[in-house]
Amino acid sequence: MKIMKLNRIFTIISVVGLALSSCESELTADAQLGVNVATSENATFDGQTITVKAGTPVEFQFSGEADFLTFFSGESGAQYRYKDRTEVDLNEISSSRLQFSLQAQYGKPANIMQILISDTFEGLATNDFKADSVLVETHEWQTLIPQDELPKTATTISYDVDMTPYLGKRIAIALRYEGIDNSAVQSRFQFNNMAIVNTLTNGLVTNFSASSFGFTALNMYYTHPDVLNATGISGSRVNTIKGKPYGTATNNTSGVWNLSDTNAFFIHSSPADTPLMYAWLVSSLIVPNGCTPDSGTGIKNISQRLDSYTYTYATPGTYTATFVATNGNYKHESQVVKEYTVVVTE
C-alpha cells in the first residue's frame, strides 16, 4: 500500500512538473510570424513585393504564434520607421502651417481673444500660480494672428498661418481671453482641429496636433475671491476655480477652459451682468517641426486568433507594409518584424 501511495505521489509530481514546464515554456516562447499574400488577377506576390491595383483588397495570410500583431500600412502617418519620430528634419520640410478654425458664439466677440506666440518664453512652472500669472502678463509676446482678423460677430473663421520663421525654435502659443463688456453675454470661443501641418519635400504631410501642445490653463481670477463669489457666478465655475488655479472644465463652465476634446477645445460663455471673464491657455515649449509619431493598427491581441487580414490601398504609389508580432508578459518579451514592399498601380 505504501508503494502504491508513493507511486501516486510521484505521478502527481511528474504531472505538475510537466504542467509547470509547459507554462514556463509558454511564458518564454518567442513570437513567430509567417506572412503570405493571396494572389489574384489584380494582386501578385513574389515573396517580398506585392503588386496590386489601387482599390483592390490585399489579403495577408498569417502563420506562426504571436500574442499581439500590429500593422503599419506604410502610408502617411502609418510608417513603421517613424514610430518613434517626434521631430521632422528641417531639410525635409517644404512648408509649415498652423491650421485651425475659430468659432465665436453669442454676445460681442470683438477684441476679447488674443492669439500670441513667443520663441523666448521660458515656460510655465505649473506649480506656482503667482509666478506663472505674473510671467504670462509681463512677457513680451508677439501677435500670431492680428486681433482685427479674429471674429467680430458670431461666426467661424479658418486660419492658415505660416510657421516657417519658427522652424527649429522652441516656441509657446498662448490664447488670452479677457472680457471687455458684460452688458451682454460674454462670447464663447471654440478652436477646432488645431495642428501644425508640415509638408515634406517628398510630398508627404505630417501633423503636430493640439493634443501634443501640452496646453495649461491659468484661471486668472483664482486669487480674486470677490469675483468668484459675486452674484450671478455659477457654482460650477466657483468650484472649478477655487483651489484649482490651473483647473479645466469637463462641461459648459463659464470662464473656464474645456480641454476634454483637443480637436474642439473651448472657453464657454458667461451670462450678462456677471464679472468679466479672464483666462489664459498656454502651450508647453514646442517645436513647429515636431510631429506626432506614426502609429500602427492593432489587428490581434492575446485573446484572438487571426489567420488573415485584408487592407485596401486607394492611392497609387510604393509603400512599405510592416507587421510587428509580439509575445510579451512579465517574464519575457519577443518581437518579430516583417516588412514588404507594396507597389500600388493605377
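All figures in this text were calculated on a predicted structure; none of them were measured in a lab.

Q: Before we go on, may I ask you to explain helix H2 (residues 129–138) in this structure?
A: Here H2 has its buried residues at Phe129, Asp132, Ser133, Leu135 and Val136. Take H2 and look down its axis: the buried residues cluster within an arc of 160°, on one side only. H2 presents Lys130 and Thr138 as exposed residues on the side facing more than 90 degrees away from its buried surface. Looking at the packing, one finds that the buried side of H2 touches strand S13 (216–219) and strand S16 (278–282).

Q: Sorry if this is basic, but what is going on with the sheet that holds strand S5 (residues 68–72) here?
A: Adjacent strands of a sheet pair through backbone hydrogen bonds, lying either parallel or antiparallel. Across the sheet, which stays open at both edges, the six strands sit in the order S2-S3-S20-S19-S5-S17 with mixed pairing between neighbours. A single partner strand is all that each edge strand has here, and the edge strands are strand S2 (43–45) and strand S17 (297–300). Taking the axes of each pair of neighbouring strands and ignoring which way they run, one obtains an average angle of 25° across the sheet. Here strand S19 (residues 317–328) pairs with strand S20 (residues 333–345) via twelve bridges, running antiparallel. From the neighbouring strand, Gly317 faces S20, where its bridge partner is Val344.

Q: Sorry, what's going on with the packing of aromatic side chains here?
A: The final tally for this structure, using the stated rule, is 22 aromatic pairs. The interplanar angle of 70° and the centroid separation of 5.3 Å between the aromatic rings of Phe62 and Phe323 together place this pair among those described as edge-to-face. In this pair, Phe62 is assigned in strand S4 (residues 57–63) and Phe323 in strand S19, connecting sequence segments 261 residues apart. Each of the two residues, Phe62 as well as Phe323, counts as buried. Cluster of aromatic residues (ring-pair linked, three or more members): Phe60, Phe62, Phe71, Tyr309, Tyr311, Tyr313, Tyr319 and Phe323. Here the guanidinium or amino end of Arg85 rests over the ring plane of Tyr82, the centre of that ring lying 3.6 Å away. A cation sits over an aromatic face here: Arg188 above Phe266, 4.0 Å from the ring centre.

Q: What is the right way to look at the confidence of the model for the protein in this model?
A: Should the pLDDT be low somewhere, the predicted coordinates at that spot are not to be read in detail. This prediction gives the protein a mean pLDDT of 87; 84% of its residues lie at or above 70. Note on residues 15–26: pLDDT is under 50 here. Beyond four places in sequence and across chains, it has two contacts.

Q: Quick question: what am I supposed to make of the environment of Phe68 here?
A: If you trace the backbone, Phe68 turns up in strand S5. The partly exposed category is assigned to Phe68, whose relative accessible area is 33%. For Phe68 and Asn327, which are 259 residues apart along the polypeptide, the C-alpha to C-alpha distance reads 6.5 Å. Not counting residues within four places of it along the chain, the set of residues in contact with Phe68 comprises Lys300, Asn301, Ile302, Val324, Ala325 and Thr326.

Q: It is not clear to me how the pairing of strand S12 (residues 205–209) should be interpreted in this structure. Could you clarify?
A: Within a regular beta strand, the side chains point alternately toward one face of the sheet and then the other, so they alternate between its two faces. Of the pairings in the sheet, the one linking strand S11 (residues 188–200) to S12 comprises five bridges and is antiparallel in character. Bridging across to S12, Asn198 finds its partner in Thr206. With antiparallel pairing between neighbouring strands as the criterion, S11 and S12 make up a hairpin whose turn holds four residues, including Gly203 at a positive phi of roughly 95°.

Q: Where do I start with the environment of Ala174 in this structure?
A: Tracing the backbone shows Ala174 in strand S10 (residues 172–178). In this structure, the C-alpha to C-alpha distance between Ala174 and Ile117, residues 57 residues apart in sequence, is 6.1 Å. Discounting chain neighbours no more than four positions away, the residues touching Ala174 are Gln114, Ile115, Leu116, Trp141, Trp280, Leu281 and Val282.

Q: Where do I start with the nonpolar core in this structure?
A: Proteins that are soluble and globular tend to have nonpolar side chains buried together. Formed by 35 residues in total, the largest nonpolar core has its most connected members in Leu98, Met113, Ile115, Phe191, Phe213 and Trp257. Elements that contribute at least two residues to this core include exactly strand S6 (93–105), strand S7 (113–118), strand S8 (142–145), strand S9 (156–162), S10, S11, strand S15 (264–267) and S16. Setting aside anything within four residues of it in sequence, one finds Leu98 in contact with Leu144, Tyr159, Asp160, Val161, Met163, Ile173, Met194, Ala195, Ile196 and Phe213. Counting residues in hydrophobic clusters, the runner-up holds 24 residues, among them Leu33, Phe71, Ile299 and Val344.

Q: Got a minute to help me understand the pattern of salt bridges in this structure?
A: Where side chains of opposite charge bring their charged atoms close, a pairing between them can arise. Overall, the coordinates contain seven salt bridges when judged by the stated rule. Notably, a salt bridge pairs Lys108 with Asp181, separated by 3.7 Å at the nearest N-O pair. A residue pair is termed long-range when its members are at least 10 positions apart, and Lys108 in the loop between S6 and S7 and Asp181 in the loop between S10 and S11 qualify at 73 residues. For Lys108, a relative accessible area of 52% corresponds to the exposed category.

Q: For this particular structure, what's the right way to read the sheet that holds strand S1 (residues 34–37)?
A: Read from one edge of the open sheet, three strands run S1-S4-S18, paired in antiparallel fashion. Each edge of the sheet is formed by a strand with only one pairing partner; in this case those strands are S1 and strand S18 (308–312). Neighbour-to-neighbour, the strand axes of the sheet open up by a mean angle of 30°, direction not taken into account. By the bridge criterion, four bridges tie S1 to S4 in an arrangement that is antiparallel. When the bridges of S4 are listed, Val37 appears paired with Phe60.

Q: I'm lost on unusual backbone geometry in this one. Help?
A: Even without being a glycine, Thr126 presents a positive backbone phi close to 65°. Checked against the element boundaries, Thr126 lands in the loop between S7 and H2. Overall, Thr126 belongs to the partly exposed group, its relative accessible area being 42%. A positive phi angle, near 65°, is found at Asp273, a position not held by glycine. Here Asp273 is to be found in the loop between S15 and S16.

Scoring rules and cut-offs
Residues numbered from 1 in each chain as written. Predicted model: local features only at pLDDT ≥ 70, side-chain atom pairs only at ≥ 80, totals over all residues. Heavy atoms only, no water. Buried < 20%, exposed > 50% of the residue type's maximum accessible area, 1.4 Å probe, protein only. Helix = DSSP H or I, 4+ residues; strand = E, 2+ residues; numbered from the N terminus. Arc of directions from axis to C-beta. Contact = heavy atoms within 4.5 Å. Pairing = 2+ DSSP bridges. Axes fitted to C-alpha atoms, helices over the stretch in contact; angles between N-to-C directions. Phe/Tyr/Trp six-rings, centres within 6.5 Å; stacked < 30°, edge-to-face > 60°. Lys NZ or Arg CZ within 6 Å of the ring centre and 35° of its normal. pLDDT = per-residue confidence, 0-100. Core = buried A, V, L, I, M, F, W, Y, C linked by side-chain atoms within 4.5 Å. Salt bridge = Lys/Arg side-chain N within 4 Å of Asp/Glu carboxyl O.

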